[in-house]
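Reading the structure
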Amino acid sequence: MLTTVLFYVFAIILVFSALKVVTSKNPISSVLFLVLAFVTSACLWLMLNVEFLALVLIVVYVGAVMVLFLFVVMMLDIDVETMRKGFWKHLPLAILLGIIVLVEMVLVILNKPMVITGSPEVVSNNISNANQLGWVLYTQYSYPVELASMILLLGLVAAVAITLRKTDKNAKYQDIRKQVSVKASDRFEMINMPAEVEVDNLEPQNKEEVK
Amino acid sequence: METLQHVLGNAWGYFIWKLLMAIAIVLPITIFVAYVTFAERKLLGYMHARLGANRVGPKGLLQPFADLFKFVFKELIMPTKASGGIFSFAPVLLLICAILVWAVVPFSPELVFTHVNAAVLYILAISSLGVYGIVLAGWSGNSKYSFLGGVRATAQMISYELAMGFAIVGVLMVSGTLDLNGIVNGQAQGMMGGSILSWNWIPLFPMFLVYLISGVAETNRAPFDVCEGESEIVAGFFVEYSGTKFALFMLAEYLNMVLISALASLMFLGGWLSPFPVSWGLIGSAGFIWLFIKVCILLFGFIWYRATFPRYRYDQIMRLGWKVFLPITLIWIFVVGAWIVSPLNIWH
């Protein structure tokens with residue numbers, strides 16, 4: 001009973017926030033609604049007893065990816081008017097693409113119904129979720145996991161390689177090793193010298209008096 | 001709990017019991033936090049060779065409450081161009097995340113709000129949400145200084161979260177569980193047999209150091225407090241806040257400090273275990289008092305660093321996180337992995 005109510009509450013929040021991601025005018029609030037959508041879907045997963053996936057969703061997507069998204073969106077100076085300009089011109093194409101995607105999804109779902117009827121198989125509570133997932137991922141599926149991680153690594157290296165071009169000859173880079181290994185004696189010197197009395201600069205009248 | 005369930009019915013009894021438990025955990029922590037702020041003022045005072053707060057109450061002991069009342073009665077100022085909803089929501093979000101984490105932190109084997117299998121993951125997840133409070137606070141005030149502070153805080157927290165996460169991975173490898181109770185109990189066993197020598201901080205010493213320093217960076221405390229660096233950007237992300245909202249930021253910061261200390265003591269310093277061997281009778285027995293002492297020592301460290309170190313330069317902070325801590329933890333993970341499968345394993 002309580003689970004059903006909770007499910008509908010989370011589902012309504014999820015659908016609402018997903019809609020607001022698309023419809024809200026302020027890009028920041030779009031990102032925030034996307035965060036809300038992620039958190040509510042993590043709650044839904046928690047209700048399915050997959051606590052590991054739910055928490056990892058929050059750690060990875062909400063805690064890292066979306067923060068960077070928010071970061072970028074905050075930096076952008078988005079003018080809503082210019083974004084709206086091409087709306088009516090591109091609408092037919094957008095509708096066409098939308099219909100194609102919709103038809104594809106409907107075909108797939110009708111062909112192979114993915115909805116599981118009946119309760120999901122109850123896993124023993126002795127082994128934690130993370131443990132089970134680890135066993136499967138690192139034994140049965142170890143090659144796909146490594147392949148996926150290599151693809152991600154490739155993307156990362158490629159992104160760094162594209163942006164990190166040291167072509168500018170005048171650019172100044174900091175050599176941390178040099179900075180850290182600086183000693184006080186490199187920067188200034190202590191010299192022992194006797195106190196100087198500047199006799200020459202004394203005014204002539206005084207000189208005479210001294211004589 | 002049974003009595004409550006008997007009187008109020010099953011569901012309501014459970015609900016009321018949990019509510020009482022939550023109050024019984026949050027209230028003492030908040031009062032503790034209030035006195036951490038007082039301790040910080042006093043200790044910093046002594047380290048600067050002055051007296052610190054000593055006027056309100058005997059020896060200044062009522063100072064935190066005076067501070068609180070002052071905050072509460074101050075005017076709430078809202079910048080004209082601030083985005084109102086987010087501006088008010090940001091400190092609340094930060095505080096919610098700081099308090100929610102305590103739901104799974106065990107204070108002793110029995111004294112824990114709720115027992116979660118994946119407690120460590122839960123803590124990582126919720127504390128990674130806290131960064132939103134800071135970013136949004138920085139952005140919504142519509143001030144350049146606070147925005148800069150927010151941007152700095154975000155980059156810093158994400159960078160150090162990684163090193164921190166990997167340091168925790170080392171602990172998880174050694175103890176083989178995500179459950180904080182299990183992690184502490186794991187430190188009571190092993191070759192050294194349940195004294196200070198069998199705690200995780202010795203075999204995982206590099207990770208312990210990385211965790212502690214990243215903890216200071218995560219809570220945006222000195223010497224990593226560039227996001228509020230008052231000499232450059234006034235007070236960083238909370239420039240625009242006043243009164244109660246400002247107090248919420250302070251409360252969240254100190255709550256996070258206490259949390260980092262508590263987690264460090266649970267994961268690396270044996271939690272509620274005594275530093276002495278079990279065979280020594282009373283002082284060898286485990287208890288909440290040991291956890292309390294460890295947390296206090298680590299908190300003293302937090303205050304001490306603030307009085308001792310000058311502020312880091314921002315590029316140095318980034319370099320430390322990405323180029324020093326991350327490689328150290330990654331290498332030590334491999335070392336620990338090899339150690340566990342080798343015959344030299346000391347954890348069984």
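Owing to the predicted nature of the structure, the values given are computational and were not obtained by experimental measurement.

Residue and element names in this part refer to chain B. A cluster of nonpolar residues, V56, L62, F65, L68, F69, V72 and F73, forms a patch on the protein surface that exposes about 650 Å² of accessible area. Within the secondary structure layout, F65 lies in helix α3 (residues 63-73). Judged by relative accessible area, F65 falls into the partly exposed class, the value being 32%.

Here we take up helix α3 (residues 51-75) of chain A. For α3 of chain A, which comprises 25 residues, the first-to-last C-alpha distance of 34 Å matches the rise-based estimate of 36 Å (1.5 Å per residue) to within 8%. A bend of about 35° at M66 of chain A is the largest found in α3 of chain A.

Our next topic: the side chain of Q63 of chain B. For Q63 of chain B, the position within the fold is in helix α3. Setting aside its immediate chain neighbours within four residues, Q63 of chain B contacts F38, R41, A53 and V56 of chain B.

With that settled, the discussion passes to the layout of surface pockets. If you add up the space inside the largest pocket, you get close to 2,400 Å³. Lining the largest pocket are 42 residues, and of these F52, V56 and Y138 of chain A together with F166 and V169 of chain B lie nearest its centre. Looking at the lining of the largest pocket, the elements that each hand over two or more residues are α3, α6 (129-140) and α7 (142-163) of chain A together with α5 (119-140) and α6 (144-175) of chain B. With nine residues, the top contributor of residues to the lining of the largest pocket is α6 of chain B.

All names here are of chain B. All told, the structure shown has 25 aromatic pairs over all chains when counted by the stated rule. Ring geometry for F288 and F292: centres 6.2 Å apart, planes at 40°, overall tilted. Of this pair, F288 and F292 both sit in helix α11 (residues 288-308), separated by four residues, roughly a single helical turn. What makes F288 partly exposed here is its relative accessible area of 40%. Seen in terms of ring centroids, F302 and Y305 are 6.4 Å apart; in terms of plane orientation they differ by 45°. Their pairing is tilted.

Right, let's talk about the confidence of the model for chain B for a bit. When the pLDDT values of chain B are averaged, the result is 83; 96% of them are 70 or greater. Quick note on the complex model: pTM equals 0.81, ipTM equals 0.79.

Here we take up the pattern of salt bridges. Residue and element names in this part refer to chain B. Throughout the structure, instances matching the rule amount to six salt bridges over all chains. Across the salt bridge formed by E40 and R306, the nearest N and O atoms sit 2.7 Å from each other. In this pair, E40 is assigned in helix α2 (residues 10-47) and R306 in helix α11, connecting sequence segments 266 residues apart. With relative accessibility at 2%, the residue E40 sits in the buried group. Notably, a salt bridge pairs R311 with D225, separated by 2.8 Å at the nearest N-O pair. With R311 in the loop between α11 and α12 (314-341) and D225 in the loop between α8 (205-218) and α9 (230-233), this pair connects stretches of sequence that are 86 residues apart. Take R311: its relative accessible area is 26%, and that puts it in the partly exposed class. On the basis of relative accessible area, D225 is assigned to the buried category, the value being 10%.

Counting all residues, the mean pLDDT for chain A is 80, and 81% of those residues have values of 70 or more. Of all the helices and strands in chain A, helix α10 (residues 204-210) of chain A carries the lowest mean pLDDT, 54, while α7 of chain A carries the highest, 89.

Glancing now at the packing of α6 of chain B against α12 of chain B. Residues and elements named next belong to chain B. The contact between α6 and α12 brings their axes to 9 Å, and the two run at 10°. Our classification of the angle between α6 and α12 gives roughly parallel. The chirality of how α6 crosses α12 is left-handed. Grouping the constituent residues of the contact of α6 with α12 by class yields 20 nonpolar, five polar and one charged.

Definitions and limits used
- Residues numbered from 1 in each chain as written.
- Chains lettered and ligands numbered in written order.
- Predicted model: local features only at pLDDT ≥ 70, side-chain atom pairs only at ≥ 80, totals over all residues.
- Heavy atoms only, no water.
- Patch = residues over 30% accessible without salt bridge, like charges linked within 9 Å, V, L, I, M, F, W, Y side chains within 5 Å.
- Areas by Shrake-Rupley, 256 points an atom, 1.4 Å probe, with all protein chains shown as cover.
- Salt bridge = Lys/Arg side-chain N within 4 Å of Asp/Glu carboxyl O.
- Helix = DSSP H or I, 4+ residues; strand = E, 2+ residues; numbered from the N terminus.
- Buried < 20%, exposed > 50% of the residue type's maximum accessible area, 1.4 Å probe, protein only.
- Expected span 1.5 Å × (residues − 1).
- Bend = angle between axes of the 7 residues up to and from the residue.
- Contact = heavy atoms within 4.5 Å.
- 1 Å grid on protein atoms, 1.4 Å probe; cavity = no way out; pocket = protein on both sides within 12 Å on 5 of 7 lines; lining within 4 Å.
- Points joined across faces, edges and corners; volume = space filled by probe spheres on them.
- Phe/Tyr/Trp six-rings, centres within 6.5 Å; stacked < 30°, edge-to-face > 60°.
- pLDDT = per-residue confidence, 0-100.
- Axes fitted to C-alpha atoms, helices over the stretch in contact; angles between N-to-C directions.
- Parallel < 35°, antiparallel > 145°, perpendicular 65-115°, else oblique.
- Left-handed = near helix turned anticlockwise from the far one by under 90°.
- Nonpolar A, V, L, I, M, F, W, Y, C, P; charged D, E, K, R; others polar.

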